[in-house]
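Fold and geometry: a report
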Amino acid sequence: MMKFLSIIKDEYKNFLADTGVLLIMIAAVVAYAFWYVMPYQQEVMKEIPVGVVDLDNSDFSRDYVRDLNITDVLKIKKRSMSIHDAEIAFYKDEIRGFVVIPKDFEKDLLKGKQVNVSLYGDSAYLIVYKTLYAAVAQTSIATGGKIEVAKMMKQGLKKKQALTVKQPFEFVQVPLFNPVGGYKSYVYPVILVMILHQTMILGLGLMQGTRNEKKKKYCKNAKDLPLTLFARSTFYVLLYLLYGLVAFFIFPELFVYPMHYNPVPLLGIYILMLYTVCFFAQTISYFFRIREAALLVMVVTSLVFIFIPGLIWPRESIPAFINIFSFFIPATCGIDGIIKINQNGAGFINIIYDYLWLMFLCLLYFGSAILLTKKSDDSFDK
């Protein structure tokens, strides 16, 4: 036990002595955790500036424009009498899109003809475009419904009967796990775990890359390698356990996003993931012959590691061989289990497969880290 604690103490000194590792594993973790959530404090887009080109200028068209303006997501900034003027305002970035109401809008509606209302928006900015499209489409459907109800009332039906005929059942939407339907509530918990995953790999890769570069042994005696590896990993697990406590029990209240507090299974899979990440980092750092190699590898793989767990991008749309590869990355099952617990309210039994697979990976990378570290040390002695 004393030897175990002594190794942790030595690793603590090595950690403090490496400015680059301190920058990654302390400053970067804190900065990214706070900075990443800031742009998404407003969960959903509201009051997007749009323009309206009313070529009919009738009572019906003005009512339609009014209905557009009272939606939460749209705010009419420009009212033009020509598409050319609206295009100029769009390219000047004064508006994010514009709606064109055709001529004879009222006349065609009264005659029962179908009317085409056009929406022009920048589809390269997908979130804005889909929000605009949904708002205009819903307003158009609502307007069409009011016209149909009015016609049925003229035919003698009472308003309640007309509404029932038009909409025989009521659609009730109950969003689960992300009540506001916001980007922050969906993505931020995933990114938060990925930040911890990536910075740990990068920090440990820098330290081992330095040892490889200086041809410095991981430990004095090869027999002590398993204990040394486990003890050094324990130091970083304890450090990142502190980050996890902040991320899972303080950040949800600070930044206000949904979280289920089920600490036992959450900490269980989180600690297991941290050990797996440590051993995984030690395994791949065998190939980091210089310190900077860790930085180069992480620059190339960071974006890949974000997408392959299957939460940012659906796993069903990812090729099978990439899905298979992803299950050998600790973050995949780690994020899956953590999100099920703290977002969906799952218990330990619901994440048993994630937990067992992480346990397998933990043992696999522990063994591979020992073998490759021994090989690396032996090669330096020759």
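Here's what I pulled together on the structure shown here. Every residue gets a number counted from 1 within its own chain, in the order that chain's sequence is written. Only residues with pLDDT of at least 70 are given local features in this predicted model, and only at 80 or more are side-chain atom pairs given and counted; all residues enter the totals for whole chains, interfaces and linings. Side-chain metrics in this entry use all non-hydrogen atoms of the structure; hydrogen atoms and water are not considered.

Between 30 and 60 degrees the pair is tilted, below 30 it is stacked and above 60 it is edge-to-face, where a pair is any two Phe, Tyr or Trp rings, Trp via its six-membered ring, whose centres lie within 6.5 Å. All chains considered together, the criterion is met by 19 aromatic pairs. Relative to W35, the ring of Y32 has its centre 6.5 Å away and its plane inclined at 85°; by these criteria the two rings are edge-to-face. With Y32 and W35 both in helix α2 (residues 19-35) and 3 residues apart, the pair spans about one turn of that helix. For every residue, the accessible area (1.4 Å probe, protein chains only) is compared with the maximum for its type, and the residue is labelled buried under 20%, exposed over 50%, or partly exposed between those bounds. Look at Y32 and you get partly exposed, because its relative accessible area is 45%. The exposure class of W35 is exposed, given its relative accessible area of 54%. The interplanar angle of 50° and the centroid separation of 5.8 Å between the aromatic rings of Y64 and F105 together place this pair among those described as tilted. Residue Y64 is found in helix α3 (residues 59-69), and its partner F105 is found in helix α5 (residues 105-110); the two are separated by 41 residues along the sequence. Helix and strand definitions here come from DSSP, where helices need a minimum of 4 consecutive H or I residues and strands a minimum of 2 consecutive E residues; each element is numbered from the N-terminal end.

Looking now at the pattern of salt bridges. By definition, a salt bridge exists where a carboxyl oxygen of Asp or Glu is found within 4 Å of a side-chain nitrogen of Lys or Arg. A full pass over the atoms with the stated rule returns 10 salt bridges. In this structure, the salt-bridge partner of K78 is E94, at a minimum N-O distance of 3.4 Å. Of this pair, K78 sits in strand β2 (residues 74-80) while E94 is found in the loop between α4 (83-91) and β3 (97-101), placing the two residues 16 residues apart along the sequence. Judged by relative accessible area, K78 falls into the partly exposed class, the value being 34%. The partner of D354 in a salt bridge is K340, and the shortest N-O contact between them spans 3.4 Å. Separated by 14 residues along the polypeptide, D354 in helix α15 (residues 352-381) and K340 in helix α14 (residues 330-342) bring together distant segments of the chain.

Take the side chain of T283 next. As for its placement among the helices and strands, T283 is situated in helix α11 (residues 263-284). With a relative accessible area of 10%, T283 lands in the buried category.

Where burial is concerned, most of β3 is hidden: 5 out of the 5 residues are buried. In β3, alternate side chains face the same way, and those of G97, V99 and I101 on one face and F98 and V100 on the other are all buried. Where strand β1 (residues 48-54) and β3 come together, 4 bridges link them in parallel fashion. Of the residues in β3, the one forming a bridge with V53 is V100. Two elements, β3 and strand β4 (residues 118-121), share 4 bridges in a ladder whose sense is antiparallel. Among the inter-strand pairings, G97 is bridged to a residue of β4, identified as G121. The pairing criterion for strands is at least two bridges between them, as found by DSSP.

Another aspect to go through is the sheet that holds β4. Pairing between the strands of a sheet is mediated by backbone hydrogen bonds and can be parallel or antiparallel. Strand order in this open sheet of 4 strands is β2-β1-β3-β4, and the pairing throughout is mixed. What marks the edges here is a single partner per strand, and that holds for β2 and β4. Strand-to-strand, the axes of this sheet are offset by a mean angle of 25°, without reference to chain direction. Where β1 and β2 come together, 6 bridges link them in parallel fashion. Its bridge partner lying in β2, V52 is registered against R79. Most of the contacts of α3 go to β2, to which it runs at about 145°, and overall it touches β1, β2 and β3. Every axis in this analysis is a line fitted to C-alpha atoms, fitted for helices over the stretch in contact. Angles between the N-to-C directions lie between 0 and 180 degrees. By definition, residues are in contact when any of their heavy atoms lie within 4.5 Å.

With that settled, consider helix α12 (residues 292-307). The angle separating two fitted axes, one through the seven residues that finish at a residue and one through the seven that start at it, defines the bend at that residue. The axis of α12 is deflected most strongly, by about 45°, at T301. All of the buried residues along α12 are A293, A294, M298, T301 and F305. For α12, the elements touching its buried residues are α8 (183-213).

What we call a nonpolar core is a set of buried Ala, Val, Leu, Ile, Met, Phe, Trp, Tyr and Cys residues that are connected through their side-chain atoms within 4.5 Å. Residues Y188, M200, Y236, Y240 and Y270 are the most contacted members of the largest nonpolar core, which totals 76 residues. Looking at this core element by element, the count peaks at 15 residues for α8. Judged by nonpolar contacts, the second largest core, of 19 residues, contains V65, V73, I76 and V136.

On to the packing of α8 against α12, then. Viewed as axis vectors pointing N to C, α8 and α12 meet at an angle of 160°, and their least axial separation amounts to 9 Å. By the criterion of interaxial angle, the relationship of α8 to α12 is roughly antiparallel. As for the relative orientation of α8 and α12, their crossing is right-handed in sense. Contact residues: α8 offers I191, M194, H197, Q198, I201, L202, G205, L206 and E213, while α12 offers E292, A294, L295, M298, T301, S302, F305 and I306. Any angle from 65 to 115 degrees is called roughly perpendicular, while one under 35 is roughly parallel, one over 145 is roughly antiparallel, and all others are oblique. Crossings are assigned a handedness: left-handed for a near helix turned anticlockwise from the far helix by less than a right angle, right-handed for a clockwise turn.

The next subject is a nonpolar patch on the surface. On the surface, a cluster of nonpolar side chains totalling about 510 Å² of accessible area is made up of I26, V30, F34, M38, I250 and L254. Ranked by residues supplied to the nonpolar patch, first place goes to α2 with 3 residues. Turning to its location among the elements, L254 is positioned in helix α10 (residues 251-255). Like charges are joined within 9 Å and nonpolar side chains (Val, Leu, Ile, Met, Phe, Trp, Tyr) within 5 Å, but only among residues with over 30% relative accessible area and no salt bridge; these make up the patches. Reported accessibility uses the Shrake-Rupley method at a 1.4 Å probe radius. Residues are deemed covered only where the shown protein chains occlude them.

On to the side chain of Q282. Along the chain, the position of Q282 falls in helix α11. Any N or O atom pair separated by 3.5 Å or less is treated as a polar contact, with the protein-specific requirement of one donor-capable and one acceptor-capable atom, and with residues adjacent in sequence counted only for side-chain atom pairs. There is a polar contact of 3.4 Å between the side chain of Q282 and the side chain of Q208. Beyond its immediate sequence surroundings of up to four residues, Q282 is in contact with Q208, Y218, L229, A369 and T373.

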